[in-house]
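Architecture and fold: a report
Residue-level listing of the chains:
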Amino acid sequence: LPGPCARRRRGRGRMRRMTTLAIDCGGGGIKGSVLDESGTMRAHPIRVPTPYPLPTSLFVQTLVDLAARLPPAERATVGLPGMIRHGVVVTTPHYVTKSGPRSRVLPELVEEWEGFDAQTAVANAMGIPVRVLNDAEIHGAGVIAGQGLELVLTLGTGLGCAIFDGGRLAPHLEMSQAPIRWGLSYDTYIGEHERRRLGDALWSRRVGRVVEGLRPVFLWDRLYLGGGNSRHITPTVLARIGDDVVIVPNSAALVGGARVWQLLID
């Protein structure tokens, strides 16, 4: 008969691997998938438009409805734009507006979202453990090597930012709201609205200026440029910004949802 160690090993082999519901919440859409512990997707990603106006109750219900269309998972990770501390929203840029990015801000939504314990609300609604973090932090968890100082910038509706030191997540900096030029914030300087207005070539030059301007600030070992708009950076600009800059796929926004549980983030 096999000994107890062999039986334990065989038993472990039969154990079901932990699955994670990963949800990436953007200004224009909310997408989700279910992944195993290695970050491999177990379901085709589903995307729904972000509803506006978006009170917190509708936000939670939107995530619950999205999860119902995917296979069951043992835990969930939610990425939100804005400043998130310990699962609580300090401020968020898009979800406080009437009809989405660059539309009128509604004071009643600002009051409702600021201080909203999203992590507890989503966990209670789904009945599983949940982590809610800034969306760029989850994106970064899917791509970092875990060595040295690694900066992640995501280019989408606006600018997302996350910093990792030796694989450990540093406190969040809301770079998107910092002024950069002509009274513009990073969000408005290299966000989606400006890319559409300028075209990829001129917009890419702005991205290049941002990278070179931030280089002496962070002195990173590696910079990752992600988000849906990173693929629009022109080859000319990519050739100039250095070998320490890597373009990463937008799918990392979901893949990081599984990996972030392995990082020391608290």
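Okay, so let's go over this structure. Residue numbers run consecutively from 1 along every chain, following the written order of its sequence. Predicted model: local features are reported for residues with pLDDT of at least 70 only, side-chain atom pairs are reported and counted for 80 or more only, and whole-chain, interface and lining totals are derived from all residues. Here the side-chain values reflect all heavy atoms present in the structure, with hydrogen atoms and water set aside.

Another aspect to go through is the pattern of salt bridges. For salt bridges, the criterion is a side-chain nitrogen of Lys or Arg within 4 Å of an Asp or Glu carboxyl oxygen. A full pass over the atoms with the stated rule returns 8 salt bridges. The salt bridge involving D36 is made with R42; its shortest N-O contact spans 2.6 Å. Residue exposure (1.4 Å probe, protein chains only): buried if accessible area is under 20% of the type maximum, exposed if over 50%, otherwise partly exposed. Overall, D36 belongs to the buried group, its relative accessible area being 3%. Of the residues examined, R42 reaches a relative accessible area of 53% and is grouped as exposed. With a shortest N-O distance of 2.9 Å, R206 and E194 are connected by a salt bridge. One end of the pair, R206, is in helix α8 (residues 200-218); the other, E194, is in helix α7 (residues 192-198), with 12 residues separating them in the sequence. Assigned by exposure class, R206 and E194 land together as buried. Put simply, DSSP H or I for four residues or longer makes a helix, DSSP E for two residues or longer makes a strand, and each gets a number counted from the N terminus.

Next up on the list: the packing of aromatic side chains. Aromatic rings considered in pairs are described by the distance between their centres and by the relative angle of their planes. Only rings of Phe, Tyr and Trp enter the pairing, Trp through its six-membered ring, and a pair is recorded when the two centres are within 6.5 Å. The plane angle decides the type: under 30 degrees is stacked, over 60 is edge-to-face, the rest tilted. Throughout the structure, instances matching the rule amount to 6 aromatic pairs. A connected cluster of aromatic rings, assembled from ring pairs, spans Y52, F59, Y95, W113 and F116. For R131, the ring lying beneath its charged end belongs to W261, and the centroid distance is 4.9 Å. In our convention, an over-ring charge means Lys NZ or Arg CZ found within 6 Å of a ring centre and within 35 degrees of that ring's normal.

To continue, consider helix α2 (residues 56-68). Taking 1.5 Å as the rise per residue, α2 with 13 residues should run 18 Å; its terminal C-alpha atoms sit 19 Å apart, in good agreement. Turning to α2, its buried residues number three or more, namely T56, F59, V60, T62, L63, L66 and A67. Angularly, the buried residues of α2 cover 155° about the axis, an arc narrow enough to put them on a single face. When the buried face of α2 is taken as reference, the exposed residues oriented beyond 90 degrees from it are S57 and A68. The elements touched by buried residues of α2 are β1 (20-25), β2 (29-35), β3 (46-49), β4 (75-80), α3 (107-113) and α4 (118-126). In a helix, the anticipated span is given by 1.5 Å times the number of residues less one. To be clear, the arc concerns the directions from the helix axis to the C-beta atoms. We call two residues contacting when some pair of their heavy atoms lies within 4.5 Å.

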